[in-house]
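# Structural overview for review
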Amino acid sequence: MAESKYIHNALKQVHLETSCTTVSGFSISGLATYIQLPELDFCIDMGECPLSATSINHVFLTHAHGDHARCLMRHHSLRKMMGVERESVYYMPGYICDGARDWIRSEAMFEGVPENKFRYPDIVPVTAGDIQFLEHRKDLAFEAFDVKHSIPAMGGTLYYYKKKLKDEYLGLSADEIIKLRTSGTEITREVYDPLVSFMGDCMGESLLENYRVFQSKVLITECTFLAPEDYEMSHKKGHTHIRQIADALNRMGDRVECEKIILAHFSMKYSEKYIREMIAKEIPERFLDRIVAFI
């Protein structure tokens, strides 16, 4: 595999536009991953913390690897330094919460924070399959799911939540609706519209195991390995090879409802030119216009 010396790992922030949110950030395997969804007030992982992240109130850590989690407290500290009064909320798999608290406390002690002034940030444990509303955005709900990686990890889906009138009451007048409400009749139903799904770090098989991600308007999925000779390596390292993405798309076919599928977390050994060439070569033609490389 011939490579250019101009690789894509300069930590330059990427910006993409979608129908439901801007997607900004950076994601290169081993270096750092943070993906900001500013209109949804949500950030996926915090491997680095640029100033642009300080206005975001909700952060979800997909797993404990440092290139995805190490700047969580940087985010919390910067918000305090900049006078952001609202408490940020940090969601993470329940099984890493105790470790996170130990790490946060140790970091504070290392920096000389007095015991009587130390306070934990707001850490919310997440369980796969449970839907919870964002603390500061009650119109947005979040559902995590398990993925396969080299350590326990999660992905998730953000939903837009609303209540809609039940079909049987659609033709009624305002007075009739008011009368039903007054009588205690439940006239609405809950609707969860999947906006953005993200896989975090995972093996390619996790895409089909969580096939509902293909119903989201935007899917963000890792694509660490591209070269044919790296296929076995992808499994060994607990990551996704582009051929597995192509296979999942072929299997899902017309069930792929995503407007955009964002590929991220490429290995730093590949050049931008090589990444784009392999996407054009491996992704089924019918899906190419929906694929975006996060580089």
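For the structure itself, consult the block above.
### What about the overall build of the protein chain?
Counting its secondary structure elements, the protein chain contains 8 helices and 14 strands. What you see for the protein chain is a C-alpha radius of gyration of 21 Å, in line with the 19 Å of a compact globule of 295 residues. Considering only C-alpha atoms, the protein chain reaches an extent of 70 × 60 × 30 Å along its principal axes. Intrachain contacts of the protein chain at a sequence separation of at least 6 include 57% that bridge at least 24 residues.

### Some points on the environment of Ile44
Mapped onto the secondary structure, Ile44 falls in strand β4 (residues 42–44). With a relative accessible area of 3%, Ile44 lands in the buried category. Along the backbone, Ile44 and Leu208 are 164 residues apart, and their C-alpha atoms lie at a distance of 21 Å. When sequence neighbours within four positions are dropped, the list of residues in contact with Ile44 reads Tyr34, Ile35, Leu37, Phe60, Thr62, Phe198 and Ile220.

### Some points on helix α2 (residues 72–81)
Of the residues making up α2, those classed as buried are Leu72, Met73, His75, His76, Leu78 and Arg79. Residues of α2 that are buried in the fold lie against β5 (58–60), α1 (66–69), β6 (89–93) and α3 (97–110). Just downstream of α2 lies Gly83, where phi reads positive at about 80 degrees.

### Some points on the pairing of strand β12 (residues 218–222)
Burial within β12 is extensive, with 5 of its 5 residues counted as buried. The side-chain alternation of β12 yields two buried faces, one formed by Val218, Ile220 and Glu222 and the other by Leu219 and Thr221. With 5 bridges joining them, β12 and strand β13 (residues 260–264) adopt parallel strand pairing. When the sheet's bridge partners are listed, Ile220 is paired in β13 with Ile262.

### So, the packing of aromatic side chains
Overall, the coordinates contain 12 aromatic pairs when judged by the stated rule. On the basis of an interplanar angle of 45 degrees and a centroid distance of 5.5 Å, the ring pair of Phe42 and Phe142 is categorised as tilted. Highlighted residues: Phe42 in strand β4 and Phe142 in strand β9 (residues 137–147), separated in sequence by 100 residues. Relative accessible area serves as the criterion here: at 0%, Phe42 is assigned to the buried category. Of the aromatic side chains, those joined through ring pairs into one cluster are Phe42, Phe60, Tyr91, Phe142 and Phe198.

### Looking at the nonpolar core
Ranked by size, the top nonpolar core spans 32 residues in total, and within it Phe214, Leu226, Leu249 and Ile279 carry the most contacts. Every element with two or more residues in this core is listed here: β9, α7 (242–252), β13, α8 (272–282) and β14 (291–293). Sorting elements by how many residues they give to this core places α7 first, with 5 residues. In terms of nonpolar packing, the next biggest core, distinct from the first, is built from 29 residues, Leu40, Tyr91, Phe198 and Phe294 among them.

### Description of the pattern of salt bridges
Taken as a whole, this structure holds 15 salt bridges when the rule is applied. Here Asp98 ties to Arg101 by a salt bridge, and the two come within 3.6 Å at their closest N and O atoms. Here Arg101 and Asp98 lie together in helix α3, a separation of 3 residues that amounts to about one turn. Measuring nitrogen to oxygen at the nearest pair gives 3.1 Å for the salt bridge that ties Asp247 to Arg251. Placement of both Asp247 and Arg251 in helix α7 is noted, with a separation of 4 residues, approximately one turn of the helix. Note on Asp247: relative accessible area 32%, which makes it partly exposed. Judged by relative accessible area, which is 56%, Arg251 ranks as exposed.

Rules and cut-offs
Residues numbered from 1 in each chain as written. Predicted model: local features only at pLDDT ≥ 70, side-chain atom pairs only at ≥ 80, totals over all residues. Heavy atoms only, no water. Helix = DSSP H or I, 4+ residues; strand = E, 2+ residues; numbered from the N terminus. Rg over C-alpha atoms; globule rule 2.2 N^0.38 Å. Contact = heavy atoms within 4.5 Å. Buried < 20%, exposed > 50% of the residue type's maximum accessible area, 1.4 Å probe, protein only. Pairing = 2+ DSSP bridges. Phe/Tyr/Trp six-rings, centres within 6.5 Å; stacked < 30°, edge-to-face > 60°. Core = buried A, V, L, I, M, F, W, Y, C linked by side-chain atoms within 4.5 Å. Salt bridge = Lys/Arg side-chain N within 4 Å of Asp/Glu carboxyl O.

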